Amino acid sequence: MPLQPGDYVTERGWGTLAITRDKSGALKFSLEAMGGNAHSCSLDGEIRNGRATLEALDKGKPCVVTFTAKADGITVDSVDGVICRYFCGMRAMFEGQYLKPAPGCAPAQVSATRKEFKSLYDRKDYAAARAKLESAFTSCAKTIDWLDTGWIRNDLALAQLRSGDAAACLRTLEPLAKDAARSDAQIRDEMVSPTDVDNWLPVIHAARTILKLCSSAPKK
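Parameters and conventions
Residues numbered from 1 in each chain as written. Predicted model: local features only at pLDDT ≥ 70, side-chain atom pairs only at ≥ 80, totals over all residues. Heavy atoms only, no water. Helix = DSSP H or I, 4+ residues; strand = E, 2+ residues; numbered from the N terminus. Buried < 20%, exposed > 50% of the residue type's maximum accessible area, 1.4 Å probe, protein only. Contact = heavy atoms within 4.5 Å. Areas by Shrake-Rupley, 256 points an atom, 1.4 Å probe, with all protein chains shown as cover. Lys, Arg positive; Asp, Glu negative; His and termini not counted. Charge placed at Lys NZ, Arg CZ, Asp CG, Glu CD. 1 Å grid on protein atoms, 1.4 Å probe; cavity = no way out; pocket = protein on both sides within 12 Å on 5 of 7 lines; lining within 4 Å. Points joined across faces, edges and corners; volume = space filled by probe spheres on them. Nonpolar A, V, L, I, M, F, W, Y, C, P; charged D, E, K, R; others polar. Core = buried A, V, L, I, M, F, W, Y, C linked by side-chain atoms within 4.5 Å. Pairing = 2+ DSSP bridges. Axes fitted to C-alpha atoms, helices over the stretch in contact; angles between N-to-C directions. Salt bridge = Lys/Arg side-chain N within 4 Å of Asp/Glu carboxyl O. Expected span 1.5 Å × (residues − 1). Bend = angle between axes of the 7 residues up to and from the residue.

> Help me out: how do you make sense of the overall build of the protein in this one?
Counting secondary structure elements, the protein contains seven helices and eight strands. Relative to its full complement of 220 residues, the protein shows a buried share of 42%. Considering only contacts in the protein between residues 6 or more positions apart, those separated by 24 or more positions represent 53%. A total accessible area of about 12,000 Å² is found for the protein, and carbon and sulfur atoms account for 53% of it. Of the charged side chains in the protein, 30 are positive and 27 negative, and the gap between their average positions amounts to 4 Å.

> I'm lost on the layout of surface pockets in this one. Help?
Taking a probe equal in size to a water molecule and rolling it over the atoms shows the remaining empty space. Computed from the structure, the largest pocket encloses a volume of approximately 520 Å³. Lining the largest pocket are 25 residues; nearest its centre among them are Arg12, Gly13, Trp14, Asp145 and Asp148. If one sorts the elements of the lining of the largest pocket by residue count, helix H2 (residues 107-122) sits on top with four residues. Looking at side-chain class alone, the lining of the largest pocket contains eleven nonpolar, eight polar and six charged residues. The calculated volume of the second largest pocket comes to roughly 150 Å³. Around the second largest pocket sit Arg114, Lys115, Phe117, Lys118, Tyr121, Asp122, Asp155 and Leu158, which together line it. Elements with a contribution of two residues or more to the lining of the second largest pocket: H2 and helix H4 (146-162).

> What should I look at first to understand the nonpolar core in this one?
Inside soluble globular proteins, nonpolar side chains tend to come together where they are buried. Of all hydrophobic cores here, the largest spans 26 residues; its most connected members are Leu17, Phe29, Phe67 and Phe94. For this core, the secondary-structure elements that each account for two or more residues are strand E2 (15-21), strand E3 (27-34), strand E4 (40-47), strand E5 (51-54), strand E6 (63-70) and strand E7 (73-78). Once you skip the residues sitting within four places of it in the chain, Phe94 turns out to touch Trp14, Leu31, Ala33, Cys41, Leu43, Val65, Val76, Asp77, Ser78, Cys84 and Cys88. Among the nonpolar cores identified, the runner-up in size contains 19 residues, and Ala166, Ile187, Val197 and Ile210 belong to it.

> Just to check I follow, could you spell out the sheet that holds strand E8 (residues 96-99) for this structure?
Strand pairing in a sheet takes place through backbone hydrogen bonds and is either antiparallel or parallel in direction. Spatially, E4-E3-E2-E1-E8-E7-E6-E5 is the arrangement adopted by the eight strands of the open sheet, whose pairing is antiparallel. Lying at the two open borders of the sheet, with one neighbouring strand each, are E4 and E5. Neighbour-to-neighbour, the strand axes of this sheet turn through a mean angle of 20 degrees, independent of strand direction.

> Please explain the pattern of salt bridges as it appears in this structure.
Scanning the model with the defined rule gives eleven salt bridges in all. Arg114 is the partner of Asp148 in a salt bridge, and the nearest nitrogen-oxygen pair spans 3.1 Å. On the criterion of sequence distance, the pair formed by Asp148 in helix H4 and Arg114 in helix H2 is long-range, its members being 34 residues apart. Exposure remark for Arg114: the relative accessible area of 23% places this residue in the partly exposed category. Note that Asp179 is salt-bridged to Arg182, the shortest N-O span being 2.9 Å. By relative accessible area, Arg182 is classed as partly exposed at 21%. What you see here is one network of salt bridges that share partners, running through Lys28, Glu46 and Arg48.

> What should I look at first to understand empty space enclosed by the protein in this one?
As enumerated under the stated definition, the model contains one cavity of 30 Å³ or more in all. Within this model, the largest cavity holds a volume of roughly 40 Å³. The wall of the largest cavity is formed by Val110, Arg114, Leu133, Ala136, Phe137, Cys140, Ile144 and Ile152. Ranked by the residues each element gives to the lining of the largest cavity, the list is headed by helix H3 (residues 126-140), at four residues. Considered class by class, the residues forming the lining of the largest cavity number seven nonpolar, no polar and one charged.

> Can you help me understand helix H5 (residues 166-180) in this one?
Residue pairs spaced three or four apart in an α-helix point in one direction, given the helix's 3.6 residues per turn. Along its 15 residues, H5 runs just 17 Å from first to last C-alpha, ending more than 12% under the 21 Å computed at 1.5 Å per residue. Where H5 bends most, at Glu174, the angle is about 65 degrees, and the proline Pro175 comes one to four residues later. Taken residue by residue, H5 has Ala166, Ala168, Cys169, Thr172, Leu173, Leu176, Asp179 and Ala180 as its buried positions. Where H5 is buried, its residues contact H3, H4, helix H6 (184-190) and helix H7 (194-216).

So this is what it looks like as structure tokens:
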């Protein structure tokens, strides 16, 4: 099965892979992956016969990355993971299954949908804003990263509340309720990575506020 140009995303959105074909017909790739504590991987190059050979720390020992087309995406692996760590931070890796996202679910498309949602919400068209984000979240949840998932839940819950559906608001925020019930100190103690905590706490602070609003609003 040949590799197809396009955008690919891992489950839970920690990695993105873009494959393009240049004017000469060569396949090019660009890969970004995020790990714990904001450590990341960044690789790019040319794919030949399903392999990319990238110069690493030792010029005599390149990082060889393999790309295998599957029915639902592309499996990316390394011939020698130790050599290829040259392209990654300590807590990051890039090897894994990169999925062809559902229609409208490529990262740039999700970002565009969120901008459209904000525009509708700011115009107080809460029903339309809710419908826009609800549809995208249902379709794209599998390939959205954990932080964006938290923020989207907060945005959607607020739109559900403003459109008069407090019960839906509470259901949307249910996955965040456990952390919202904890103190910041407890969350810091339980999460290993300081940067992850710093990124997650604003999500939880917002969730606490919205949960209070939804809990006190009349239910349908």
